[in-house]
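Here is what each chain is made of, one letter per residue.
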Amino acid sequence: MKKIDFLIYSFIITENLLTLYLFCMNKKLISFVVPAYREEKNIPLFYDEFKKTFVNLQEKYDYELIFVNDWSPDKTWEEILKLCKIDENVKGINLSRNFWKEIALSAWVENAAWDAVVTTDADWQRPMHIIKTFILNWEDWNEIVYWVRKQMNRNFFRKMLSGIFNKLMTKISEVEFESWVTDFMLIDRKVVNYFTKYCDKNRIFRWIILSLGFSKQKVYFVEPPRKHWSTQWQISKLFKLATDSVTSFSIFPLKFIWYLWIFIVFFSFWLLTFMTISRFFMGNPYWITNSAFFIISNVFLSGITLSWLWIIALYIAKIHSEVLWRPLYIVDKKVNFKE
Ligand code: UDP
Ligand code: MG
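Residues numbered from 1 in each chain as written. Chains lettered and ligands numbered in written order. Predicted model: local features only at pLDDT ≥ 70, side-chain atom pairs only at ≥ 80, totals over all residues. Heavy atoms only, no water.

### Some details on the overall build of the protein
What counts is decided by this rule: Each helix is a run of H or I in the DSSP string that is no shorter than four residues. Each strand is a run of E no shorter than two, and both are numbered from the N terminus. Burial classes: relative accessible area under 20% of the type maximum marks a residue as buried, over 50% as exposed, and values in between as partly exposed (1.4 Å probe, protein chains only). By the convention used here, residues are in contact when the closest approach between their heavy atoms is within 4.5 Å. Accessibility throughout is a Shrake-Rupley quantity obtained with a 1.4 Å probe, and a residue counts as covered only by protein chains that appear here.
Of regular secondary structure, the protein possesses 11 helices and 7 strands. Expressed as a percentage of its 339 residues, the buried residues of the protein come to 38%. Long-range pairs, those at least 24 residues apart, make up 79% of the contacts in the protein between residues at least 6 apart in sequence. Of the roughly 21,000 Å² of accessible surface on the protein, 64% is carried by carbon and sulfur atoms.

### Some details on the coordination of the magnesium ion (ligand 2)
So the rule is basically this: Note that water is not among the atoms considered, so a metal site may appear incomplete; the donors listed are N, O and S atoms within 2.8 Å of the metal, with 3.2 Å applied to Na, K and Ca.
The magnesium ion (ligand 2) binds to the protein through D123 (OD) and Q125 (OE1); the donor distances cover 2.0 Å. Overall, the relative accessible area of 4% leaves D123 in the buried class. Judged by its relative accessible area of 7%, Q125 falls in the buried class.

### Some points on the pairing of strand β3 (residues 90–94)
Just so we agree on the cut-off: In this analysis, strands are considered paired if DSSP registers two or more bridges between them.
As judged from the 5 bridges shared by strand β2 (residues 61–69) and β3, these two strands associate in the parallel manner. Bridge pairing links F67 to G92 in β3.

### Topic: helix α3 (residues 76–86)
How we decide: The arc in question is the one traced by the directions running from the helix axis out to the C-beta atoms.
Among all positions in α3, only T76, E79, I80 and L83 are buried. Projected down its long axis, α3 carries its buried residues within an arc of 100°, all on one side. Exposed and oriented more than 90 degrees from the buried face of α3 are K82 and K85. In this fold, the buried residues of α3 make contact with β1 (28–36), α2 (42–54), β2 and β3.

### A closer look at the sheet that holds strand β5 (residues 144–149)
Selection rule: Lines fitted to C-alpha atoms define the axes, with helix axes restricted to the stretch in contact, and inter-axis angles between N-to-C directions lie between 0 and 180 degrees.
Pairing is mixed in the open sheet, where 7 strands are placed in the order β3-β2-β1-β4-β6-β5-β7. Two strands close off the open sheet at either side, each with one partner strand: β3 and β7 (216–221). Each strand axis lies, on average, 20° off the axis of its neighbour in the sheet, ignoring direction. Bridging between β1 and strand β4 (residues 116–119) involves 4 bridges; their strand directions are parallel. The partner of S31 across the bridge, within β4, is V117. The strands that α2 touches are β1, β2 and β3; relative to β2, the one it contacts most, it runs at about 165°.

### Some remarks on the packing of aromatic side chains
The condition that has to hold: A pair of aromatic rings is counted whenever rings of Phe, Tyr or Trp (Trp by its six-membered ring) have centres within 6.5 Å, and the orientation is called stacked for planes under 30 degrees apart, edge-to-face for over 60 and tilted otherwise. For a lysine, the NZ atom is tested; for an arginine, the CZ atom; a charge sits over a ring if that atom is within 6 Å of the ring centre and within 35 degrees of the ring normal.
Tallied over the full model, the rule gives 20 aromatic pairs. Summarising the aromatic geometry, the rings of F263 and F267 are spaced 5.9 Å apart at their centres and angled 5° between planes, so their arrangement reads as stacked. Of this pair, F263 and F267 both sit in helix α10 (residues 252–280), 4 residues apart, which is roughly one turn of the helix. With a centroid separation of 6.0 Å and an interplanar angle of 40°, the aromatic rings of F280 and F293 are classed as tilted. Placement of the pair is F280 in helix α10 and F293 in helix α11 (residues 290–323), with a sequence separation of 13 residues. The exposed category is assigned to F280, whose relative accessible area is 53%. Chaining the aromatic ring pairs together yields one cluster made of F32, F46, F50, F54, Y63 and F67. Sitting over the ring of F99, R97 keeps its end group 4.0 Å from the ring centre. Over the ring of W114 we find R189, and its NZ or CZ is 5.5 Å from the ring centre.

### Some points on a nonpolar patch on the surface
Applied cut-off: Like charges are joined within 9 Å and nonpolar side chains (Val, Leu, Ile, Met, Phe, Trp, Tyr) within 5 Å, but only among residues with over 30% relative accessible area and no salt bridge; these make up the patches. Only one rule defines a salt bridge in this text: a Lys or Arg side-chain nitrogen within 4 Å of an Asp or Glu carboxyl oxygen.
There is a patch of nonpolar side chains on the surface, built from L301, I304, W308, I311, L314 and Y315 and spanning about 610 Å² of accessible area. Relative to the helices and strands, L301 is located in helix α11. According to the relative accessible area criterion, L301 is exposed, its value standing at 51%.

### Remarks on the packing of helix α6 (residues 156–172) against helix α9 (residues 235–249)
Angle between the axes and distance between the axes: these two values describe a pair of packed helices. Definition in use: Orientation labels follow simple angle bins: below 35 degrees gives roughly parallel, above 145 gives roughly antiparallel, 65 to 115 gives roughly perpendicular, and whatever is left gives oblique. Just so you know the grouping, Ala, Val, Leu, Ile, Met, Phe, Trp, Tyr, Cys and Pro go in nonpolar, Asp, Glu, Lys and Arg go in charged, and all remaining residues, Gly too, go in polar.
Interaxial distance between α6 and α9 falls to 10 Å at its minimum, and their mutual angle equals 10°. One element, α6, and the other, α9, form an angle in the roughly parallel class. Along the contact surface, α6 presents R158, F165, M169 and I172, while α9 presents L238, A242, S245, V246 and F249. A breakdown of the residues in the contact of α6 with α9 according to their chemical character gives 7 nonpolar, 1 polar and 1 charged.

Below, the structure written as structure tokens:
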């Protein structure tokens, strides 16, 4: 081989290697966040299934698997540590006490360098193969891709209650509370950056994410049953979830006093007027007694008290929206900015 040929060939090979290197360097990083409470049996199984799914995606994407241990009383943390030893892409966060899933879901946001985040559960109720559909939709310019259950593995009572609750919440808030939505979602970095600005202490992860706007895509699938252990959601936790949803997204309960006040004051005012005319000017044809006057006057005075409560409620509503520290506006795009 001539010296010049040798040089040309080495140049081509080096260039190809460099392109391959740059291609690998430019892999997008997807963070998977898994809150875990009493999941010692599920963690190893979850990891195996995750790895099987991710093998086909490894060419184009890197992963980071963050387990957030929500102070489990069992060996969940030990299981996470075992995985951290064998795979450096697995990361663990151990919370100092049980904060509940909604907070655990937010515990990873500091110090991560992702292009997108997938939030999922450790109990196999979120089929991993859906990740591919998530990523395809994300690459198709959707900033939020979220999973909606086709049918619920919950008892009739819980299904009915959550159906009614979501319909009511959609009416009294500015967010659409869709039924059967889960927090199994892929979220673009841009959206996560806004999510981190939310300071709500009592937060419902999925509704905050879905209330941010941006282009969204739903993916429908049937939810499989839980792998080990039963659901961690007791009635008290569900009740807290419901009250947090109402107080975070609606001031309707405060406004309700207004409707009550209107009803009581108008009703008692007209009744009092009618009673006075009929007793003192028409010869009392309806046998209106002194105690009737006393009762209706009391109702009228309660109405006046309620009106003051309503005014106080208005101020509390203002304080409420201020102390939440939500961002005033949301920018979709920025041009010529250094990130
Ligand atoms: N979880 C948590 N903290 C809790 C309760 C649950 O981190 O206090 C986690 C749990 O390990 C699982 C996810 O949240 O990964 C969903 O919990 P579960 O399956 O009990 O709820 P459901 O599927 O009924 O919504
Ligand atoms: Mg579950």
